[in-house]
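Descriptive analysis of the structure
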Amino acid sequence: MPVEGSCHCGETVFEVSEAPEGVTRCTCSLCAKRGALWAYYKPAQFRLLSPPENVKTYLWGSRTVKHHFCAGCGCGTYSESPDWSTGKPDFDNPKVAVNARLFDDFDLDAVPVNMIDGKNLW
């Protein structure tokens, strides 16, 4: 069942194909300051419902991850990246990380939170 999410001002709206079974809290400097809880999807499972011009992008560090945010209110919405599960970027298997805190009508307390020590890994 699809889950919709939006930023604070409502100018950036997106949908994922299903609710996450869990979310990830990363402790890297960017994620810690954003306060995001990430739900990971394949690109085909994510759909931006608002105009793309409502989204701005921040590239940091290796510049391999596109961190998107709402151009109106600044909420960190989603990121596009290669799969990093092996510790190295796998560009053949891209991922979309969605800020699960922005899901509408979804109980985040109902799913487990996994922590990644991004502060010390990268």
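Sequence order as written defines residue numbering, which begins from 1 separately in each chain. The predicted origin of the model limits local features to residues at a pLDDT of at least 70 and limits the giving and counting of side-chain atom pairs to 80 or more, whereas totals for whole chains, interfaces and linings rest on all residues. No hydrogens and no water enter the side-chain calculation; it runs on all heavy atoms of the structure.

Quick notes on the environment of A36
Within the secondary structure, A36 sits in the loop between helix 1 (29–34) and strand 4 (38–41). Note on A36: relative accessible area 3%, which makes it buried. Note on definitions: a residue-residue contact is assigned when non-hydrogen atoms from the two residues lie within 4.5 Å. Those residues within four positions of A36 in sequence are excluded, and the remaining contacts are T24, R25, C31, N99 and R101. Under the scheme used here, helices are H or I runs from DSSP no shorter than 4 residues and strands are E runs no shorter than 2 residues, and both carry numbers assigned from the N terminus. The classification of residues rests on relative accessible area computed with a 1.4 Å probe and restricted to protein chains. Under 20% of the type maximum is buried, over 50% is exposed, and intermediate values are partly exposed.

A look at the pairing of strand 8 (residues 76–83)
Of all eight residues in strand 8, seven are buried, a share of seventy percent or more. In this description, strands pair whenever DSSP reports at least two bridges between them. Across four bridges, the pairing between strand 7 (residues 66–70) and strand 8 is antiparallel. Residue pairing in the sheet places H67 in a bridge with S79 of strand 8. The hairpin formed by strand 7 and strand 8 contains five residues between the paired strands, and G74 there has a positive phi angle of roughly 85°. Relative to strand 9 (residues 90–99), strand 8 is paired through five bridges, and the arrangement is antiparallel. Across the sheet, residue S79 finds its bridge partner in strand 9, namely A97. Adjacent in sequence and paired antiparallel, strand 8 and strand 9 are bridged by six residues, among which G87 carries a positive phi angle near 95°.

Considering unusual backbone geometry
Of note in the backbone geometry, R63 takes a positive phi value of approximately 60° without being a glycine. Checked against the element boundaries, R63 lands in the loop between strand 6 (55–59) and strand 7. In this model, D105 sits at a positive phi of 55°, which is unusual for a non-glycine residue. Tracing the backbone through its elements, the reader meets D105 in the loop between strand 9 and strand 10 (113–116).

As for the pattern of salt bridges
For side chains of opposite charge, pairing can occur when their charged atoms come near one another. Just to be clear on terms, a salt bridge is a Lys or Arg side-chain nitrogen sitting within 4 Å of an Asp or Glu carboxyl oxygen. Summed over all chains, the structure comprises one salt bridge. Close ionic contact of R47 with E15 constitutes a salt bridge, the shortest N to O distance being 3.0 Å. Here the residue R47 occupies a position in strand 5 (residues 46–48), and E15 occupies one in strand 2 (residues 13–16), the gap between them amounting to 32 residues. On the basis of relative accessible area, R47 is assigned to the partly exposed category, the value being 47%.

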